[in-house]
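The primary structure of each chain is shown beneath.
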2 protein chains.
Amino acid sequence: MSTVGKAVSLLELFTLHEPEIGLSELARRAGLDKATARRLLMALAAHRLIEQEPRSRRYRLGAGLSRLARIRDAHFPFVRLAAPVIRELSLETGETVHLSEFSAGALLTLHVELSAKANRVNVDVGQVLPLHGTASGIAFLAASRLEAVGAYLEKPLQAFTSFTMTQPDDLVKAIALAASRGYSRSAQGYEEGVHSIGAAILGTDGQPIGTLAVASPVSRVDDATAAGQGEAAVRAARLISARLTGEA
Amino acid sequence: MSTVGKAVSLLELFTLHEPEIGLSELARRAGLDKATARRLLMALAAHRLIEQEPRSRRYRLGAGLSRLARIRDAHFPFVRLAAPVIRELSLETGETVHLSEFSAGALLTLHVELSAKANRVNVDVGQVLPLHGTASGIAFLAASRLEAVGAYLEKPLQAFTSFTMTQPDDLVKAIALAASRGYSRSAQGYEEGVHSIGAAILGTDGQPIGTLAVASPVSRVDDATAAGQGEAAVRAARLISARLTGEA
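In this text the structure is predicted, and so the values were computed from the model without any measurement.

Novice: Even after reading the chapter, I still don't get the pattern of salt bridges, so can you show me in this structure?
Specialist: Close approach of charged atoms allows side chains with opposite charge to pair. Residues and elements named next belong to chain A. Enumeration according to the criterion identifies 23 salt bridges over all chains in this entry. E20 is the partner of R60 in a salt bridge, and the nearest nitrogen-oxygen pair spans 3.6 Å. You can see R60 sitting in strand β2 (residues 59-61) and its partner E20 sitting in the loop between α1 (3-11) and α2 (23-30), a full 40 residues away along the chain. The salt bridge involving D223 is made with R185; its shortest N-O contact spans 2.9 Å. Of this pair, D223 sits in helix α9 (residues 223-244) while R185 is found in strand β6 (residues 184-187), placing the two residues 38 residues apart along the sequence.

Shown next as structure tokens:
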């Protein structure tokens, strides 16, 4: 991996559940020796992408990331335009709804509205979703150009649960079904016990730029509920697309 | 500069006014040859920190930045907690109010509420404010430990306008005055025609973590107006500090 790749990999070790990590642990997980990790962290800190907690000396993501993200968001206000629609869909369905943006082969979870119910699906901001294991991913592929789908299917498909579709044939059927009805449906393909309905959000050129998904405990969703969630998800995704392209 | 530093410098070329930049221009401004710039951009793109617009092939900040910033913001919700207070202060004063977070020697503008007036000060999200030229910076220094002020004054002080304080003695007086009244006042130290009132926001350990500032056209502010803005700014900054530390 390039030096830049190694440095950015260090940033990617931080999650919602682990916002601060010490030097030894960062080095160990990145597979770097401590001196290299420290040198990379210092370079990132000089540019404010990382910070050191003054007392514990542990590292955390830096204010420079907030700055760059705000410049990006001003230009491409995906989350800002979509968030109220995601909230509304969560209230309407009573379930957790999450928003993802496609980037370099995966879907990045950028906004989550949790269900108010005690028994709900928890999704974390920052989670990276694989395309073949999730309703979001299948909805994304169903809205993509055929050559993009073909390229994706050429790569090995990792199993996340015993329900993950790892055979290209099964995936093609699921993609075709999602394309015909406008939304995808996935049960336990990424995490056991989770049922998801996904819909693609299109950009100005008609190509998909992200997805939204309604995630419910699998016990709560029968076919009628799923169909209702599917229609609501499609309406919400279309509204976000229209707002992004200035049509609504 | 390190390879990582060079790569991050490329990200820092993007602004609110220039969200997309082509390869040659990026290379030129970063002082890199095109091959090196392309190699660094490809490494950043592989980790989603940069994207290429499919048609124009110009580069822009990537979705990975939004993802990392959202993980950071969940852990340290500075902007989310402060934004409503900043909005309220803008309505109360009728002027533009901006919020900054301190990082690696400068203040990063993370949120702006513009005045509703036609004649107003425009401040951009993402702007990096020097400490000695701005009301924000002087308020920050006035709330800092003496050794931090001393260290800052040892470095050369750049002039931004003919009004910028570049003499350590003048700056020490302004800092002392700000420390005694709780807010700073700066006229045209960073940009001509701009009058600013700044107040520091303190973190849990009582040390300043950022600032807010009320920015008005200099023609609109007499001493009484400035004093009123100062009191309102101090109240707002204390409220944000209290919210950050869980006291309000």
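Novice: What is the right way to look at the sheet that holds strand β5 (residues 106-113) of chain B in this model?
Specialist: Backbone-to-backbone hydrogen bonds join strands into a sheet, with any given pair of strands oriented parallel or antiparallel. All names here are of chain B. Read from one edge of the open sheet, 6 strands run β6-β5-β4-β9-β8-β7, paired in antiparallel fashion. What marks the edges here is a single partner per strand, and that holds for β6 (128-129) and β7 (184-187). The sheet contact formed by β7 and strand β8 (residues 194-202) spans 4 bridges and is antiparallel. If you follow S186 over to β8, its bridge partner there is S196. Relative to strand β4 (residues 96-103), helix α5 (residues 78-93) is tilted by about 150 degrees, and along the sheet it contacts β4, β5, β8 and β9 (208-217).

Novice: When you look at empty space enclosed by the protein in this model, what are you seeing that I'm missing?
Specialist: Rolled over the atoms, a probe with the dimensions of a water molecule shows which regions are left empty. Residue and element names in this part refer to chain A. Within the structure shown, the criterion is met by 2 cavities of 30 Å³ or more. What lines the largest cavity is a set of 20 residues, among which H98, T134, Y190, V194 and S196 lie closest to the centre. Broken down by secondary-structure element, the contributors of at least two residues to the lining of the largest cavity are α6 (135-143), β7 (194-202) and β8 (208-217). Here the lining of the largest cavity takes 3 residues from β7, the largest share from any one element. Its residues assigned to classes, the lining of the largest cavity shows 8 nonpolar, 11 polar and 1 charged.

Novice: Which parts of the structure should I look at to understand the pairing of β9 of chain B?
Specialist: Residues and elements named next belong to chain B. The buried count for β9 comes to 10 of 10 residues, which makes it a mostly enclosed element. In the sheet, β4 pairs with β9 via 6 bridges, with the strands oriented antiparallel. Within the sheet, the bridge partner assigned to L99 lies in β9 and is L212. Sheet topology note: the β8/β9 ladder contains 9 bridges and is antiparallel. Directly across from I197, in β9, lies its bridge partner V214. In sequence, β8 turns back onto β9 through a hairpin of 5 residues, with G206 there showing a positive phi of about 80 degrees.

Novice: Whenever I open this one, the relation of the copies chain B and chain A confuses me. Can you help?
Specialist: Both copies of the chain are tied together by a single rotation about an axis and a shift running along it. When chain B is fitted onto chain A, the two copies agree to an RMSD of 0.0 Å after a turn of 180 degrees and an axial shift of 0.0 Å. Those values place the two copies in the arrangement expected of a two-fold rotation axis. Using C-alpha coordinates, one finds that chain B approaches the rotation axis most closely at V4 of chain B, a distance of 2.6 Å. A shared binding surface is used by both copies, with 100% of the interface residues of chain B retained as interface residues in chain A.

Novice: Got a minute to help me understand the sheet that holds strand β2 (residues 50-52) of chain B in this structure?
Specialist: Pairing is antiparallel in the open sheet, where 3 strands are placed in the order β1-β3-β2 (chain B). The outermost strands of the open sheet, each flanked by one partner alone, are β1 (20-21) and β2 of chain B.

Novice: Can you walk me through the nonpolar core in this structure?
Specialist: Nonpolar side chains tend to gather and get buried jointly when the protein is soluble and globular. Within the largest apolar cluster, 48 residues are counted, with the highest numbers of intra-cluster contacts made by L26 of chain A together with L26 of chain B. Excluding residues that lie within four positions of it along the chain, L26 of chain A makes contacts with L10, L13, F14, I21, L41 and Y59 of chain A.

Novice: What am I meant to see in the UniProt feature "domain: HTH iclR-type" (unreviewed entry) in chain A here?
Specialist: UniProt records the feature "domain: HTH iclR-type" (unreviewed entry) for residues 1-63 of chain A in the present numbering. Secondary structure content for residues 1-63 of chain A is 49% helix and 10% strand, and the end C-alpha separation is 26 Å.

Novice: Explain the UniProt feature "domain: IclR-ED" (unreviewed entry) in chain A here, please?
Specialist: The UniProt feature table records "domain: IclR-ED" (unreviewed entry) at residues 64-246 of chain A. Counted over residues 64-246 of chain A, helix gives 45% and strand 22%. Its end C-alpha atoms are 30 Å apart.

What counts and how
Position numbers for residues count from 1 along each chain, tracking the sequence in the order it is written. As a convention, the first chain written is A and the first ligand written is 1, with the rest following in written order. Per-residue local features of the predicted model are confined to residues with pLDDT of at least 70, and side-chain atom pairs are confined, for both listing and counting, to 80 or more; whole-chain, interface and lining totals are unaffected and use all residues. Excluded from the side-chain calculations are hydrogens and water; all other atoms, namely the structure's heavy atoms, are used. For this analysis, a salt bridge means a side-chain nitrogen from Lys or Arg found within 4 Å of a carboxyl oxygen belonging to Asp or Glu. For the purposes of this entry, the term helix denotes a DSSP run of H or I that reaches at least four residues, the term strand denotes a run of E that reaches at least two, and both are numbered from the N terminus. For two strands to count as paired, DSSP must find a minimum of two bridges between them. Pairs of residues are marked as contacts when any of their non-hydrogen atoms sit within 4.5 Å. To define axes, lines are fitted to C-alpha atoms, for helices over the stretch in contact only, and angles between the resulting N-to-C directions are given on a 0 to 180 degree scale. Using a 1 Å grid laid over the protein atoms alone, points where a 1.4 Å probe fits but cannot get out form a cavity; open sets with protein on both sides within 12 Å along at least 5 of 7 lines form a pocket; any residue with an atom within 4 Å of a point counts as lining. Grid points are joined across faces, edges and corners, and a volume is the space filled by probe spheres set on the points. Classification used: nonpolar for Ala, Val, Leu, Ile, Met, Phe, Trp, Tyr, Cys and Pro, charged for Asp, Glu, Lys and Arg, polar for all others including Gly. Burial classes: relative accessible area under 20% of the type maximum marks a residue as buried, over 50% as exposed, and values in between as partly exposed (1.4 Å probe, protein chains only). When the copies are overlaid, the least-squares fit takes in C-alpha atoms only where the residue has pLDDT of at least 70 in both copies. For the purposes of this section, nonpolar cores are sets of buried Ala, Val, Leu, Ile, Met, Phe, Trp, Tyr and Cys residues that join through side-chain atoms within 4.5 Å. UniProt positions are given in the numbering used here, feature names are shortened, and annotations may be inferred rather than shown by experiment.

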